[in-house]
Amino acid sequence: KALQFLYDAIQVPGLISQDPGERFMAEQMVNMMHTFPNPKLLEETEPSGFAIDAEKGLGSRKGKKKNSKRKGKGAGGGRGFGS
């Protein structure tokens, strides 16, 4: 436990503060760092960004155009040796 406290104090310097409010907030942050995330709680509170929209489907590009601008008409490579 002592080694864990040292590691936590390095990660969250507020743990060794003289101010009780700052120490309390640091302890709460350490508790959040030690808890494993519960996926069911995450689903209810905020979207993760990985959900597939049922109407659009996976990988749908409906209504979006790819912005493809090409600078030159050469064979590529830009300016290299001897250009």
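Residues numbered from 1 in each chain as written. Predicted model: local features only at pLDDT ≥ 70, side-chain atom pairs only at ≥ 80, totals over all residues. Heavy atoms only, no water.

Peer 1: What should I look at first to understand the overall build of the chain in this one?
Peer 2: Tallying secondary structure elements over the chain gives three helices and zero strands in all. Ordering the α and β elements of the chain from the N terminus gives α-α-α. Here the chain, with 83 residues, has 10% of them falling under the buried criterion. Counting every atom, the chain has about 8,600 Å² of accessible surface; 58% of that belongs to carbon and sulfur. (Helix = DSSP H or I, 4+ residues; strand = E, 2+ residues; numbered from the N terminus. Buried < 20%, exposed > 50% of the residue type's maximum accessible area, 1.4 Å probe, protein only. Areas by Shrake-Rupley, 256 points an atom, 1.4 Å probe, with all protein chains shown as cover.)

Peer 1: Mind showing me how you'd approach the confidence of the model for the chain here?
Peer 2: When pLDDT is low, close inspection of the predicted coordinates is not appropriate. Put simply, the chain has an average pLDDT of 74, and 48% of its residues get 70 or more. Put simply, helix 3 (residues 39-45) is where the chain has its lowest mean pLDDT, 65, and helix 2 (residues 20-34) is where it has its highest, 94. (pLDDT = per-residue confidence, 0-100.)

Peer 1: So what exactly am I meant to see when it comes to the side chain of aspartate 8 here?
Peer 2: Take aspartate 8: it is sitting in helix 1 (residues 2-11). Despite its burial, aspartate 8 pairs with no opposite charge, the nearest such side chain being lysine 1 at 10 Å. (Lys, Arg positive; Asp, Glu negative; His and termini not counted. Salt bridge = Lys/Arg side-chain N within 4 Å of Asp/Glu carboxyl O.)

Peer 1: I tried to follow the environment of valine 30 on my own but got confused; where do I start?
Peer 2: Among the secondary structure elements, valine 30 is positioned in helix 2. The class for valine 30 is buried, based on a relative accessible area of 7%. The sequence separation of valine 30 and leucine 15 amounts to 15 residues, and the corresponding C-alpha distance is 8.8 Å. Setting aside its immediate chain neighbours within four residues, valine 30 contacts Asp8, Val12 and Leu15. (Contact = heavy atoms within 4.5 Å.)

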